[in-house]
Amino acid sequence: MSESVTALAAVLYEAGKPLVIEEVEVAAPQAGEVRVRMKAAGICHSDLHVMKGDLPMPCPIIPGHEGAGIVESVGEGVTSVQVGDAVIPIWRASCGRCVYCMNGKPALCDMGTAMRFTGLMPDGGTRFRTLKGESVKHYAGVSTFASLSTMPEAAVVKLEREFPLWKAALIGCGVITGIGAVLEAAQARAGDAVAVFGCGGIGLNAIQGAKMASAGRIIGVDRDAGKEAKARELGATDFVDASQCDPVAAIKALTGGLGVEVAIEAIGDPVAMEQAFDCLRKGGTCVVAGITGQSARARINTNQLVYAEKTFKGTLYGSMKPRVDLLRLIALHEQGAFKLEELLTRTYRLEEINEAYEDLQGGRLARGLIVWE
């Protein structure tokens, strides 16, 4: 087994403060674990929620949940990957044995949930330390903002063939969540009208998912008119600038007064959730993929659940099975089913990560990546 080594990481010491770039000690993988040298990591709003304190996590912690890399060492008993394999981290690892896993909902597995909220590995420990010896928590079990990261074997998916790792990193969260929200959670059908609230990382991929489903009308909704061009490039047939009008009225007008069969909320804003529900036609489904602060609440007309048979639901990981569906999405991309290159706005070095999050908050990114040589 390999020994502990040092790696460069972005550490969050306190919510609301910038990430600190420093060397940390990364422990060797224990039984059932792997150590991965990251090659790319996604700049995602989910990490931003932690950094801002909307989603409280114990600190210090190394954020990052979306990425791709190469297995550098493995612990005892690891069988699904070996040194040199290219992998995508799974930010909700699953045990494969609990009631959620057995019922086809691996993202809801209690093991992955516990890692997400405690910042600890399944054995209750951590594999990161500062050079002063202080324990550093893991984010979502994977901490992809470290150039080397030790994680459970259950938290990686082996790429079965050569595929650009920067593309694999994009697929690991935003793509699978957005596409899955439409295809799996909403079960959109050919000809459906689909509205997507929020044309960021998840929303743009929900638009792509609607196109994959052969939706009849795909309506992008955002308060930033600058998002229209990218939304249309990826498949939107219409765009509603929610800063200039009531998006519910605008969507009803575009659909002959009926509303849409499917609405995806990809922002994490209670008002947008209410609007997404209100713009449904009878029998429609609203899927919430955006993340809010813990105290956030949305108000919906509950009578609409009965008299209009509307559905209001959430989705985690796009209601997909990441161990299977990440590889399926790679195959679909290679067949031309959806776009990846067009999603990426720019790349950054790890040392530029705070700048990357400023760009994300400023609406200057469709998707951004941290890349290592």
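Predicted model, so just to flag it, every value in this text is computed and none were measured. (Residues numbered from 1 in each chain as written. Predicted model: local features only at pLDDT ≥ 70, side-chain atom pairs only at ≥ 80, totals over all residues. Heavy atoms only, no water.)

> Would you take a moment to explain the sheet that holds strand β8 (residues 135-138) for this structure?
Adjacent strands of a sheet form backbone hydrogen bonds with each other and so pair up, either parallel or antiparallel. Strand order in the open sheet formed by 5 strands is β1-β2-β7-β8-β4, and the pairing between neighbours is mixed. Two strands close off the open sheet at either side, each with one partner strand: β1 (5-11) and β4 (61-62). Here strand β7 (residues 128-130) pairs with β8 via 2 bridges, running antiparallel. Each residue of the ladder has a partner; that of Phe128, found in β8, is Val136. (Pairing = 2+ DSSP bridges. Helix = DSSP H or I, 4+ residues; strand = E, 2+ residues; numbered from the N terminus.)

> Any chance you could explain the pattern of salt bridges here in plain terms?
Any two side chains of opposite charge can pair, on the condition that their charged atoms come close. All chains considered together, the criterion is met by 20 salt bridges. Notably, a salt bridge pairs Glu66 with Arg367, separated by 2.5 Å at the nearest N-O pair. A residue pair is termed long-range when its members are at least 10 positions apart, and Glu66 in the loop between β4 and β5 (67-74) and Arg367 in strand β18 (residues 367-371) qualify at 301 residues. Of the charged contacts, one joins Glu261 and Arg281 as a salt bridge, the two residues approaching to 3.1 Å between their closest N and O atoms. In this pair, Glu261 sits in strand β14 (residues 260-265) while Arg281 sits in strand β15 (residues 280-288), placing the two residues 20 residues apart along the sequence. A cluster of three or more residues bridged by salt bridges with shared partners is formed by Arg346, Glu355, Asp359 and Arg364. (Salt bridge = Lys/Arg side-chain N within 4 Å of Asp/Glu carboxyl O.)

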